[in-house]
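Geometric and topological summary
Okay, here's what each chain looks like letter by letter:
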Amino acid sequence: MLMDISSEMIHSLLPLFMVTALGASALAVGLVEGLAESTALIVKVFSGSLSDYLGKRKGLAIFGYAMGALTKPLFAIASTTGVVLTARLLDRVGKGIRGAPRDALVADIAPAHLRGAAFGLRQSIDTVGAFLGPLLAVGLMLLWANDFRAVFWVAVIPGLMAVALLWFGVREPEPRQDHKRTNPIHRRNLARLGAPYWRVVGVGAVFTLARFSEAFLVLRAQQAGIPVALVPLVMVAMNLVYAVSAYPFGKLSDRMSHTRLLALGLVVLIAADLVLAANDHWGVLLAGVALWGVHMGMTQGLLATMVADTAPADLRGTAYGFFNLVSGIAMLLASVLAGLLWDRLGASFTFYAGAAFCAVALVGLGWSASTAVPKR
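Residues numbered from 1 in each chain as written. Predicted model: local features only at pLDDT ≥ 70, side-chain atom pairs only at ≥ 80, totals over all residues. Heavy atoms only, no water.

**Some words on the overall build of the protein chain**
Each helix and strand in the protein chain was counted, giving 17 helices and zero strands. Relative to its length of 376 residues, the protein chain is compact, with a C-alpha radius of gyration of 20 Å against a globular reference of 21 Å. For the protein chain, contacts bridging at least 24 residues in sequence account for 85% of all contacts bridging at least 6. (Helix = DSSP H or I, 4+ residues; strand = E, 2+ residues; numbered from the N terminus. Rg over C-alpha atoms; globule rule 2.2 N^0.38 Å. Contact = heavy atoms within 4.5 Å.)

Encoded structure:
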């Protein structure tokens, strides 16, 4: 929650900062966001595998959170898009280092029959930070007359608090007595990640392709004529819906077909894209953003649960790593394509294209996922 407050104070303003203060294009925003998020996801494969090798997760998580906190000042001093890209890449490397060990740690601690609820709760707490961050950004932007850099400096504080809380407040389970250090990405171990797991990886990639970076929600808000200081409220609204819905849908995933819930999540994303494409009026915008948040609440914790359910316990870090590697490549492609469409054909076409890809993904899921994505 604390790190999300820190990150979202910056990320909710960063697209506007790049476009207005640095003169960047929508394609540049998409490229920065795509490279940054895909870097985080790709790095997870190595940190996850290392956590499996060591049999310990907490140390890597602390290092990743510390790296994220210490890169925040770079945003405050950035004078070019290149510096912003460097800061985003370093920040996301930190996220990548901590992400897979953290998810594996949650899976290690949570009882199997409550794993969906546990990931839903984790997602909700994450997202509480993701709407408090933009809310703080709005207040500080109003207080300091749209001073982006001052807000970025303040974001350093909750990042450092997150590191301290993890260091002193979290106790990791002892490694299993029979744990032996072997190379998790050795061919023999990778063979233990069977077909059900790799099918989940494929589904996750399709979902990532169908949903580009939330930075484009911020740019859509700017088109709606919302004052610059209030634009982060769009992310507040999205993350509030996300936070409220993630835990109930996580509990629901413990009792219903994962395939059906994923399909419903795609239907909701199609609706969000169509609403966002139809009109840039602020009321329509908020409706689309709310639907986007519902989609996130339905699917993100569910995909994490499905990885845990289909991977051996001693390879969970590696499993999350490869899942995020593939999703990272998909995120890069989706965000760059969205930025290109935005610059060449306009915002509406970008969201219509997203809806079309969702429809294709939904057809594919209906055709194969009844056997490809088991509930357990």
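After that view of the structure, there is still more to cover.
**Section: the packing of aromatic side chains**
Scanning the model with the defined rule gives eight aromatic pairs in all. Seen from their ring centres, Tyr197 and Trp198 are 4.9 Å apart, and the 70 degrees between their planes marks the pair as edge-to-face. Between Phe216 and Trp342, the ring centres sit 5.6 Å apart and the planes meet at 40 degrees, which makes this aromatic pair tilted. In this pair, Phe216 is assigned in helix H12 (residues 215–223) and Trp342 in helix H16 (residues 316–345), connecting sequence segments 126 residues apart. Each member of the aromatic cluster is reached from another via a ring pair, and the members are Phe17, Phe75, Phe148 and Phe152. (Phe/Tyr/Trp six-rings, centres within 6.5 Å; stacked < 30°, edge-to-face > 60°.)

**A few points about helix H2 (residues 14–21)**
If you check which residues of H2 are buried, you get Leu14, Pro15, Leu16, Phe17 and Met18. Phi for Gly23, located one or two positions after H2, is positive at around 70 degrees. (Buried < 20%, exposed > 50% of the residue type's maximum accessible area, 1.4 Å probe, protein only.)

**A short note on the environment of Ala36**
As for its placement among the helices and strands, Ala36 is situated in helix H3 (residues 26–54). Here Ala36 falls in the buried class, since its relative accessible area comes to 0%. C-alpha separation for the pair Ala36 and Asp91, spaced 55 residues apart in sequence, amounts to 8.1 Å. Once you skip the residues sitting within four places of it in the chain, Ala36 turns out to touch Arg88, Leu89 and Arg92.

**As for the nonpolar core**
In terms of nonpolar packing, the biggest core is built from 87 residues, with Phe152, Tyr197 and Trp292 touching the most fellow members. Here the element with the most residues in this core is helix H15 (residues 282–310); it accounts for 11 residues. If we ignore the near neighbours within four places in the chain, the residues touching Tyr197 are Val307, Thr310, Ala311, Thr318, Ala319, Phe322 and Phe323. If you look at the next biggest cluster of nonpolar residues, it comprises nine residues, including Met3, Ala61, Tyr65 and Ala162. (Core = buried A, V, L, I, M, F, W, Y, C linked by side-chain atoms within 4.5 Å.)

**Side note on the packing of H2 against helix H6 (residues 81–109)**
Here H2 crosses H6 at 165 degrees, and the two axes come no closer than 11 Å. When the axis of H2 is compared with that of H6, the two are roughly antiparallel. Viewed along their axes, H2 and H6 form a crossing whose handedness is left-handed. Counting all contacts with H2, which are made through Leu14, Phe17 and Met18, the residues of H6 involved are Thr81, Val84 and Arg88. Considering only residue class, the contact of H2 with H6 consists of four nonpolar, one polar and one charged. (Axes fitted to C-alpha atoms, helices over the stretch in contact; angles between N-to-C directions. Parallel < 35°, antiparallel > 145°, perpendicular 65-115°, else oblique. Left-handed = near helix turned anticlockwise from the far one by under 90°. Nonpolar A, V, L, I, M, F, W, Y, C, P; charged D, E, K, R; others polar.)

**As for empty space enclosed by the protein**
For the structure on display, the rule yields one cavity of 30 Å³ or more. The computed volume of the largest cavity comes to approximately 30 Å³. Every residue along the wall of the largest cavity is listed here: Gly120, Ala246, Phe249, Gly250, Ser253, Leu261, Gly297, Met298, Gly301 and Leu302. At the level of secondary structure, the elements contributing two or more residues to the lining of the largest cavity comprise helix H13 (233–253) and H15. (1 Å grid on protein atoms, 1.4 Å probe; cavity = no way out; pocket = protein on both sides within 12 Å on 5 of 7 lines; lining within 4 Å. Points joined across faces, edges and corners; volume = space filled by probe spheres on them.)

**Describing the confidence of the model for the protein chain**
Across the protein chain, the average pLDDT comes to 81, with 92% of residues at or above 70. By mean pLDDT, helix H10 (residues 187–190) is the weakest element of the protein chain at 68, and helix H8 (residues 148–154) is the strongest at 92. Counting interchain partners and residues more than four positions distant, the pLDDT-below-50 stretch residues 372–376 has 19 contacts. (pLDDT = per-residue confidence, 0-100.)

**Quick look at the pattern of salt bridges**
Taken as a whole and assessed by the stated rule, the structure comprises four salt bridges. Close ionic contact of Asp91 with Lys72 constitutes a salt bridge, the shortest N to O distance being 2.8 Å. Of this pair, Asp91 sits in helix H6 while Lys72 sits in helix H5 (residues 72–77), and the two are 19 residues apart along the sequence. Judged by relative accessible area, Asp91 falls into the buried class, the value being 0%. With a closest N to O distance of 3.7 Å, Asp126 and Arg122 form a salt bridge. Of the two residues, Asp126 and Arg122 both sit in helix H7 (residues 115–143), four residues apart, roughly one turn of that helix. With respect to class, Asp126 is no different from Arg122; both count as buried. Connected via shared salt-bridge partners are Lys72, Arg88, Asp91 and Arg92. (Salt bridge = Lys/Arg side-chain N within 4 Å of Asp/Glu carboxyl O.)

**Some points on the side chain of Ser335**
As for its placement among the helices and strands, Ser335 is situated in helix H16. Here Ser335 falls in the buried class, since its relative accessible area comes to 0%. Not counting residues within four places of it along the chain, the set of residues in contact with Ser335 comprises Gly30, Gly34, Phe212, Ser213 and Phe216.

**Things to note about helix H14 (residues 258–278)**
Here H14 is 21 residues long and its end C-alpha atoms lie 31 Å apart, about the 30 Å a rise of 1.5 Å per residue gives. Of the residues flanking the start of H14, the one acting as N-cap is Ser257, its side-chain oxygen 3.2 Å from the backbone nitrogen of Arg260. (Expected span 1.5 Å × (residues − 1). Polar contact = N/O pair within 3.5 Å; in protein donor to acceptor, adjacent residues only side chain to side chain.)

**Let's talk about the environment of Ala313**
Along the chain, Ala313 turns up in the loop between H15 and H16. A relative accessible area of 37% means that Ala313 is categorised as partly exposed. Sequence separation between Ala313 and Asp52 is 261 residues; the distance between their C-alpha atoms is 9.3 Å.

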